[in-house]
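Residues per chain, in single letters:
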Amino acid sequence: MARQLLCLAAAASALVAPSRRTTHAATLRAKKTVFIDGEAGTTGLQVLDRLATHPGIEVLSIDPSKRKDAGARKAAIAAADAVVLCLPDDAAIEAVALAEGTDTKIVDASTAHRCDASWVYGFPELNGDQRAKIAASSRCANPGCYATGFIAVTRPLVDAGLLKPEARLACSAVSGYSGGGKQLTAIFEEEAHEPWGAYGWNLDHKHLPEMAFHGKLAEPPVFMPAVGAFAQGMVISVPLVYGRDCAGVSQGAQLHAALTEHYAGSSFVKVMPQGDASLLERGAFLEPEALNGSNDLELFVFENDARGTACLVARLDNLGKGASGAAVQNLNIMLGLDETLAKKARWLERYKPALLLMLPDELNGKSDDEMTHLASALFDSLAFAGINK
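All values derive from a computational prediction rather than experimental measurement.

A. Focus on a nonpolar patch on the surface. Nonpolar side chains collect at one region of the surface, where Leu203, Val222 and Met224 lie side by side and expose about 250 Å² of accessible area between them. When you line up the elements, leucine 203 lands in the loop between strand E8 (196–198) and helix H8 (208–215).

Spelled out as structure tokens, the structure:
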């Protein structure tokens, strides 16, 4: 940490030097307006929190007593540049109808439109064209949390011809209890409860259709979700048998290489090194809470080539890349903003006290826009590990 702070100070000092000062048009643009329909729910509150420090977005709110008033919601939707729907499916469909006749862009966090061909699926890293499709769209369906991890590890392999589209896969996952909303959170935080609980025994989880559709699979996986006694975080696992599920695969390194190539240059998705025991807690356990508070997604390939098997694993914050973080990323893309702006703003909140202590004369009195630009420049220029996570 000391080395990081020294590098931070050096970079900040260089960036605020008089010879480097410039006027940036980006700081002069009017902020985009966003209405969160359902801001009192778990996902809505998380979106609100992520937008609170966003330098390019202003949140429009309505009187809490009118949150279910169709007229008030319709007016707010019409007044906003974009709306995030953090609602149950039926209410989300109703909200889309309220937006008819407006130019308001919509990010829907419900399951209602994830397999609708007239909506764009909000996983920008899906393929080389997806980000541009989101940018050009006015209707974006935010992915489900489990589906995000499953599709992230399977779709690139299908596209690369390494995973058979007809493969009958299994998928297991464990999520923090916040994924169950306020009701399940209350049980885990206020009542006696089991330390861990598997569910979905009807084998018909609501994320299955998008898993198959956007994973380019003929059939959805046999899906076995579970909830642990922790609030946030998620690990999703997909086991593979080379000879049964794959085409031309004899080593896990082939799968790892394909995923690495697919996600090269991604701001949020990282394929982790193979065979590095330091990535596991005590050399054995994958910590589900490691990415909490972020929009990051980490992918792993564990293999036993002698047995002809591998396990594809995704780790994410179920409320981050699995919900609100993805929604803000999609908002940025649809509104023509840097998709990492929210991440940079949260980074600034973390390091601003240290920056002010190290460079008080240079930074005191700077406007929020100037500090945001400095944070963005620092975030992009600092190359040492961990400082800009």
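B. View of the nonpolar core. The biggest cluster of nonpolar side chains holds 42 residues, and the ones touching the most others in it are Leu255 and Leu299. Those elements giving two or more residues to this core turn out to be helix H6 (145–159), strand E7 (170–176), H8, strand E10 (234–241), helix H10 (252–262), strand E11 (269–271), strand E12 (297–304) and strand E13 (309–316). No other element matches the nine residues that H6 contributes to this core. When neighbours within four sequence positions are excluded, leucine 299 is seen to be in contact with Ala152, Val153, Tyr263, Val269, Lys270, Val271, Met272, Val313 and Ala314. If you look at the next biggest cluster of nonpolar residues, it comprises 21 residues, including Val34, Leu51, Cys86 and Ala327.

C. Spatial organisation of the sheet that holds E7. Taken in spatial order, the seven strands line up as E8-E9-E7-E10-E13-E12-E11 in an open sheet, and their pairing is mixed. Edge strands, defined here as strands with exactly one partner in the open sheet, are E8 and E11. Across the sheet, the mean angle separating the axes of adjacent strands is 20° when strand polarity is ignored. Pairing between E11 and E12: three bridges, direction parallel. The residue of E12 that forms the bridge with valine 269 is leucine 297.

D. Focus on the packing of aromatic side chains. Applying the stated criterion to the full structure yields three aromatic pairs. Ring geometry for tyrosine 177 and phenylalanine 188: centres 5.0 Å apart, planes at 10°, overall stacked. One end of the pair, tyrosine 177, is in the loop between E7 and helix H7 (181–190); the other, phenylalanine 188, is in helix H7, and eleven residues separate them in sequence. The same class applies to tyrosine 177 as to phenylalanine 188, namely buried.

E. Spatial organisation of unusual backbone geometry. One non-glycine residue with positive phi stands out, namely lysine 216, at about 60°. For lysine 216, the location among the structural elements is in the loop between H8 and strand E9 (222–228). Residues other than glycine seldom take positive phi values, yet arginine 282 does so here, at roughly 55°. The exposure class of arginine 282 is exposed, given its relative accessible area of 72%.

F. Just the pairing of E10, in detail. In terms of burial, E10 is a largely internal element, six of the eight residues being buried. Pairing between E7 and E10: four bridges, direction antiparallel. Bridging from a neighbouring strand, alanine 173 pairs with isoleucine 236 of E10. As paired strands, E10 and E13 are joined by eight bridges and run antiparallel to one another. Of the residues in E13, the one forming a bridge with proline 239 is cysteine 311.

G. Looking closely at the sheet that holds strand E5 (residues 120–121). In spatial order, the strands read E2-E1-E3-E4-E6-E5; together these six strands make up an open sheet with parallel pairing. The two strands at the open ends of the sheet, each matched to only one other strand, are strand E2 (57–60) and E5. With two bridges connecting them, E5 and strand E6 (residues 139–141) associate as parallel partners. Of the residues in E6, the one forming a bridge with valine 120 is cysteine 140. In the packing of helix H2 (residues 42–51) onto the sheet, contacts are made with strand E1 (32–37), E2 and strand E3 (82–85), and the angle to E1 comes to roughly 160°. Contacting E1, E2, E3, strand E4 (105–108) and E6, helix H11 (residues 320–334) runs over the sheet at an angle of about 160° to E4.

H. Geometry of the pattern of salt bridges. The full count for this structure, using the stated rule, is ten salt bridges. Residues lysine 321 and glutamate 125 are paired through a salt bridge, measuring 3.0 Å at the closest nitrogen-oxygen approach. A residue pair is termed long-range when its members are at least 10 positions apart, and lysine 321 in helix H11 and glutamate 125 in the loop between E5 and helix H5 (130–136) qualify at 196 residues. Judged by its relative accessible area of 7%, glutamate 125 falls in the buried class. We note a salt bridge from aspartate 159 to arginine 155, for which the minimum N-O separation is 3.0 Å. Highlighted residues: aspartate 159 and arginine 155, both in helix H6, separated by four residues, approximately one helical turn. Aspartate 159 sits in the partly exposed class, given a relative accessible area of 37%.

Calculation notes
Residues numbered from 1 in each chain as written. Predicted model: local features only at pLDDT ≥ 70, side-chain atom pairs only at ≥ 80, totals over all residues. Heavy atoms only, no water. Patch = residues over 30% accessible without salt bridge, like charges linked within 9 Å, V, L, I, M, F, W, Y side chains within 5 Å. Areas by Shrake-Rupley, 256 points an atom, 1.4 Å probe, with all protein chains shown as cover. Salt bridge = Lys/Arg side-chain N within 4 Å of Asp/Glu carboxyl O. Helix = DSSP H or I, 4+ residues; strand = E, 2+ residues; numbered from the N terminus. Core = buried A, V, L, I, M, F, W, Y, C linked by side-chain atoms within 4.5 Å. Buried < 20%, exposed > 50% of the residue type's maximum accessible area, 1.4 Å probe, protein only. Contact = heavy atoms within 4.5 Å. Pairing = 2+ DSSP bridges. Axes fitted to C-alpha atoms, helices over the stretch in contact; angles between N-to-C directions. Phe/Tyr/Trp six-rings, centres within 6.5 Å; stacked < 30°, edge-to-face > 60°.

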